[in-house]
Each structure stands twice: as structure tokens, then as C-alpha cells.
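Residue strings, one per chain:
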Amino acid sequence: MEEFLVSARPDLQKARQDWLASLVSERRLSALTVDAYERDTRQLLQFLTGHCGGAPGIADIAELKPFDLRAFLAHRRNGGAGARSLGRGLAGIRSFLRFLERRGLANAAGAAAMRAPKQPKSLPKPLTAVDAKRVVSAGEQLAEEPWIAARNAAVLTLLYGCGLRISEALGLPGAALGDASETVLRVIGKGGKTRLVPVLPVALRAIAEYRRLCPYHLGPDAPLFRGARGGALQPAIIQREMQKLRTALNLPDTATPHALRHSFATHLLARGGDLRTIQELLGHASLSTTQIYTGVDTARLLDIYDSAHPRA
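Residues numbered from 1 in each chain as written. Predicted model: local features only at pLDDT ≥ 70, side-chain atom pairs only at ≥ 80, totals over all residues. Heavy atoms only, no water.

Core analysis: the biggest nonpolar cluster contains 51 residues, and Val135, Leu156, Leu158, Leu164, Tyr210, Phe225 and Leu260 have the highest contact counts within it. In terms of residue count, helix H8 (residues 146–162) provides more of this core than any other element does, 11 residues in total. One finds Phe47, Leu97, Leu100 and Met114 within the second-largest nonpolar core, a separate group that totals 30 residues. (Core = buried A, V, L, I, M, F, W, Y, C linked by side-chain atoms within 4.5 Å. Buried < 20%, exposed > 50% of the residue type's maximum accessible area, 1.4 Å probe, protein only. Helix = DSSP H or I, 4+ residues; strand = E, 2+ residues; numbered from the N terminus.)

Here it is as C-alpha cells:
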């Protein structure tokens, strides 16, 4: 690990070096994590040099209060650090203080009681409409057996066409969508909550084709989607098939089965769908969960602006 000048008294410098060495030898953390913890605690010691009026020693660390740590995090935030960096920094400081506490040199209770900065919700990464259509197309499926290819296409079509979670699609009984005239699907979502979801004709056709080719009897109370040996289809199988499609269709790593559900919501919003309706279709308990898609659509519009506007 690269050496840096550390603003601390010799007793604290040695204790910190012992802690960093233990992260590698005992906890076997990755080199990147150890480097990050080294940097975070070095910044803490530099801050304490000004905060305490001189290079800190173990006695100064032992007397740290939540107020001091909050002041350090505020200092970092004013310097441009984001919530994730601050959260990781606090985790490193807690680890260091626990190390000192085990040796009877400090009390880690103050740091342990502090809440980490609230992390911003990461924006879901939907597929483009063109890529989503390719993924759910029966002609793009890579399975050698026609019935398995039809099964994969049907499952993926339900994720994109109806916004289902993969667990919801694979939990459908054999009686679901057995009639070509059905236009609404009853879905049991998280917490056992039931919702009604409109079914597009393309989804009905995909299900009908799968039923026609499936070699197993699809009883009304048995699972609709089956594995190669006739048992209930497992999510890992669809996730693995999606991974193959990513490679074959040159899609990003973010193109996952769940990304099709994100795509369903994002594309609806882009076409004028209102948040309350999308909330009902997705089965979100809170509108705030659905509102994240407004950020996705705004980000997409900004990308288009940056790439297309002559003055961008």
C-alpha cells in the first residue's frame, strides 16, 4: 500500500498501521477496500489536527463524540463528498474504533450509534424499446428445444408486457391465461396483495404458443411454467437465459429480467402514463417508489438533448 504522510502522534500512527494490517491478514478485505479505509481515516486525522488544535493521539480518538464525527462528515460533504463516500468513510472509522476498543484504547459506542448518511435511490436502468422487443421475441430465444424457447419468450413477455416481477410470473398457476379471450391477469404480489393487470394480445399469443408446445400437462393448480424435467421453473433459469441473450444481442450488463419490469414502467411513463396508474400496475405500496421512474425519464431526455442539440 502506498505510503502517505499521516497527521497523527506516533501512538495513533502505529495503532492505525496495525489496524490496516489486520484488515488484510485477518479480515482479508480487498485491496481497494483497504485503500479506501486508509484514505478515509487519513482524512479524519487531518480534520482532527485542525479540529483539536494539533496532531491527534489515541487519547484524542478515545474522547471523540458523535458531535465531532458529524462535524467531520459535514466537512467532507462541504468538500464535495457524496452520500456513498460518506457512508463508506463512516464504516471505516467504525472499524478503526472497534479495533481500538478491543484493545481497551477507545470507546466505539459513539460511532456505532451514528446513522450513516441516507443513500440516494439508484435509478433503474431500463432497456430501450427496440432492445426490449428483441429480448421478448420468440425468434431471438437461444434454447434448442422449441417448447423451451417458447417458454422463455412467454415469461419475458410477461415481465415487459405486464410489468411482473419474475417471482410473480413464475408463480402463475396452470389455469392462468388459459382462455384466449382473457384480457386481465390476477397477480399475487409482495405481501400476498392481489392486483389486476391488463394483458396485451402479444402476451396471450406467447402463452398460447408455450401451452401448445409444452410436453407436460399444465393442471389448473400446478405451476404454469415448467423446467426441462417438468418441475416448477426456477428464476435462475430465466436469469441465465437472459445472460445468454445479453451476449448474443450485445446488450449491457444491466439488461436483466428485472430490467424488463423497469422498462415496462419507464416506457409507459414516456408515452403519457400517469404515476398513479403505473403504481397500481406495478403493485407498489407507495407512490414514492413509483416516482423514481420520473427521474429515469428525465435522465433519458437529458441524454437525448446532450447528444442531439447542436449547441449541447
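Our focus in this paragraph is the packing of H8 against helix H11 (residues 235–249). With their axes 11 Å apart at the nearest point, H8 and H11 run at an angle of 95 degrees to one another. With respect to each other, H8 and H11 are oriented roughly perpendicular. Taking contact as the criterion, the partners of Arg151, Asn152, Val155 and Leu156 in H8 are, on H11, Ile237, Ile238, Glu241, Met242 and Leu245. (Axes fitted to C-alpha atoms, helices over the stretch in contact; angles between N-to-C directions. Parallel < 35°, antiparallel > 145°, perpendicular 65-115°, else oblique. Contact = heavy atoms within 4.5 Å.)

This next bit is on the pairing of strand E2 (residues 194–198). Side chains Arg195 and Val197 of E2 all project onto a buried face; the interleaved residues Thr194, Leu196 and Pro198 project onto a face where none is buried. Between strand E1 (residues 184–188) and E2, which pair antiparallel one after the other, the connecting turn spans five residues, and Gly191 there sits at a positive phi close to 70 degrees. (Pairing = 2+ DSSP bridges.)

Another point: the layout of surface pockets. What the largest pocket holds in volume is close to 720 Å³. Along the wall of the largest pocket there are 26 residues; nearest its centre are Lys133, Tyr160, Gly161, Leu200 and Val202. Elements represented by at least two residues in the lining of the largest pocket include exactly helix H7 (129–136), H8, E2, helix H10 (201–213) and helix H12 (257–270). The dominant element in the lining of the largest pocket, judged by the number of residues it contributes, is H8, at six residues. (1 Å grid on protein atoms, 1.4 Å probe; cavity = no way out; pocket = protein on both sides within 12 Å on 5 of 7 lines; lining within 4 Å. Points joined across faces, edges and corners; volume = space filled by probe spheres on them.)

Next up on the list: helix H1 (residues 10–25). Taking 1.5 Å per residue as the helical rise, H1 with its 16 residues ought to reach 22 Å, and the 22 Å between its terminal C-alpha atoms agrees with that figure. Within H1 the residues assigned to the buried category are Leu12, Ala15, Arg16, Trp19, Leu20, Ser22 and Leu23. Down the axis, H1 shows its buried residues gathered within 155 degrees of arc, on one side only. For H1, the exposed residues lying more than 90 degrees away from the buried face are Pro10 and Lys14. The inward-facing, buried residues of H1 contact helix H2 (31–52), helix H3 (58–62) and helix H5 (83–102). (Expected span 1.5 Å × (residues − 1). Arc of directions from axis to C-beta.)

Okay, the packing of aromatic side chains next. A full pass over the atoms with the stated rule returns five aromatic pairs. Between Trp147 and Tyr216, the ring centres sit 5.8 Å apart and the planes meet at 80 degrees, which makes this aromatic pair edge-to-face. Here Trp147 is found in helix H8, whereas its partner Tyr216 is found in the loop between H10 and H11, with 69 residues between them in sequence. Residue classification places Trp147 among the buried positions, given a relative accessible area of 7%. Three or more aromatic residues link up through ring pairs in this structure, and these residues are Trp19, Tyr37 and Phe96. Looking at Arg103, its charged tip hangs above the ring of Phe99, at a distance of 3.7 Å from the centre. Here Arg151 stacks its cationic end above the ring of Trp147, 5.8 Å away from the centre of that ring. (Phe/Tyr/Trp six-rings, centres within 6.5 Å; stacked < 30°, edge-to-face > 60°. Lys NZ or Arg CZ within 6 Å of the ring centre and 35° of its normal.)

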